[in-house]
Amino acid sequence: MSRKLIPLSVSAALMGGTAMAEVPNVAVDIAPIHSLVARVMDGVGSPDLIVQSGASPHEYNLRPSQAQALQDADLVFWIGEDLTPWMEDAVATLATDATAITLLDADGAKVLGFRQGALFEAHGHGDEKHDDHEAHDDHDHEDHDPAEDEKHDDGNKDHDHDDHGHGETHEDHEDHADHDDHEDHAHGDRDPHAWLSIQNAGVWLNVIAAQLSGADPDNAGTYYANAAAARSDMEKLSSEISAMLDPVRDGSFVVFHDAYQYFETDFDFPAAGAISLGDASDPSPARIAEIQARIRAEAIDCVLAEPQFNAGLVKTVLDGTEAKTGVIDPLGADLDLGPALYPQLLRNMAQTLVDCL
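Residues numbered from 1 in each chain as written. Predicted model: local features only at pLDDT ≥ 70, side-chain atom pairs only at ≥ 80, totals over all residues. Heavy atoms only, no water.

Our focus in this paragraph is helix α5 (residues 198-215). Look at α5: 26 Å from first C-alpha to last across 18 residues, which is about the 26 Å you get at 1.5 Å a residue. Counting buried positions along α5 yields 15 of 18 residues, so the element is predominantly enclosed. Measuring from the backbone nitrogen of Q199 back to the side-chain oxygen at the start of α5 gives 3.2 Å, which picks out S197 as the cap. (Helix = DSSP H or I, 4+ residues; strand = E, 2+ residues; numbered from the N terminus. Expected span 1.5 Å × (residues − 1). Buried < 20%, exposed > 50% of the residue type's maximum accessible area, 1.4 Å probe, protein only. Polar contact = N/O pair within 3.5 Å; in protein donor to acceptor, adjacent residues only side chain to side chain.)

What follows is the structure, given as structure tokens:
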């Protein structure tokens, strides 16, 4: 539940004789974005997390408390329907009085298209798309108007919300056994894992500060100061991670699913392939065989699993190879929520690569 905080003490408010503006209620989709928002709000208030830490954001049933957080929200920050298609309807149904900010649409954000095929060409980042606009502190973002064409039960206030419900399958996430290499991306053509770019984090910090300042002008100075300090820290973090990766840049790795190209492009460290293209479907036998052949032929050093997905598939891929394995987590499942989660998430990903390679 969001905490509405008063920026002055009760005694100061009483002495002033006027009611102070309440800090806006803020709801956020996933833990890494929650961390960025918490950093900007530090010292003023705290955002609510909608997708429970460690759960897959692609398929999720809201808890009652999370539905209430959306209903109470003044601002909603989310990656967009490309990552959480079910949340579009939840925002439209529950957060009726809120301004919803789709970060994937922010001016200046780096947006990549999905790669095709099980194997990636080194430095093959031709799908990268940049907006022509640079990020500014005072973006003018219009309220998000969620589409009405697809309706899911997750966003209904009267839904019997399950505490976890991560195994339930939505229409867009049906599990097909016979996917081939042009597996359908139910969320569109954009790769939504954009929070794994530190460059995007810097852009979004500006957006977050601008939106919070518009809703809460009394604390605008704090929001902008926190965002500026966080952007400075992001620059240091980028240099730190580059230095961590330098000793293992000759190594090669395969990931469980194609979620890391934002990290790869930021640090010029491309993966050799992905076991699964889709986030919610198992790869076909042909795709697994293709990955296994690449691992053997090119002596791939490392195959990375994820805590949210099928570890058995990684074992199958590793069978008969000499590659090492590790677990890489793009969501920070085991990290404490708060401002420190985002930089620690990126450090942990880099360290996992270093250890595996």
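Per the stated rule, a full pass over the model turns up 1 disulfide. The residue that forms a disulfide with C302 is C356, at a sulfur-sulfur distance of 2.1 Å. With the S-S bond torsion at 105°, the cross-link from C302 to C356 turns out right-handed. Here C356 lies in helix α10 (residues 341-356) and C302 lies in strand β10 (residues 302-305), a separation of 54 residues in the sequence. (Disulfide = S-S within 2.5 Å.)

Glancing now at the packing of aromatic side chains. Aromatic ring pairs are reported here in terms of the distance separating the ring centres and the angle at which the planes meet. Counted according to the given criterion, the structure contains 3 aromatic pairs. Looking at R249, its charged tip hangs above the ring of F269, at a distance of 5.8 Å from the centre. (Phe/Tyr/Trp six-rings, centres within 6.5 Å; stacked < 30°, edge-to-face > 60°. Lys NZ or Arg CZ within 6 Å of the ring centre and 35° of its normal.)

Glancing now at the packing of helix α8 (residues 285-298) against helix α9 (residues 311-318). Helix-helix packing is described using two parameters, namely the angle between the two axes and the distance between the axes. Relative to each other, α8 and α9 sit at 50°, their axes nearing to 9 Å. As the angle between them shows, α8 and α9 are arranged oblique. The residues of α9 that touch α8, namely those facing I288, I291, Q292 and I295, are L313, T316 and V317. The class makeup of the residues in the contact of α8 with α9 is 5 nonpolar, 2 polar and no charged. (Axes fitted to C-alpha atoms, helices over the stretch in contact; angles between N-to-C directions. Parallel < 35°, antiparallel > 145°, perpendicular 65-115°, else oblique. Contact = heavy atoms within 4.5 Å. Nonpolar A, V, L, I, M, F, W, Y, C, P; charged D, E, K, R; others polar.)

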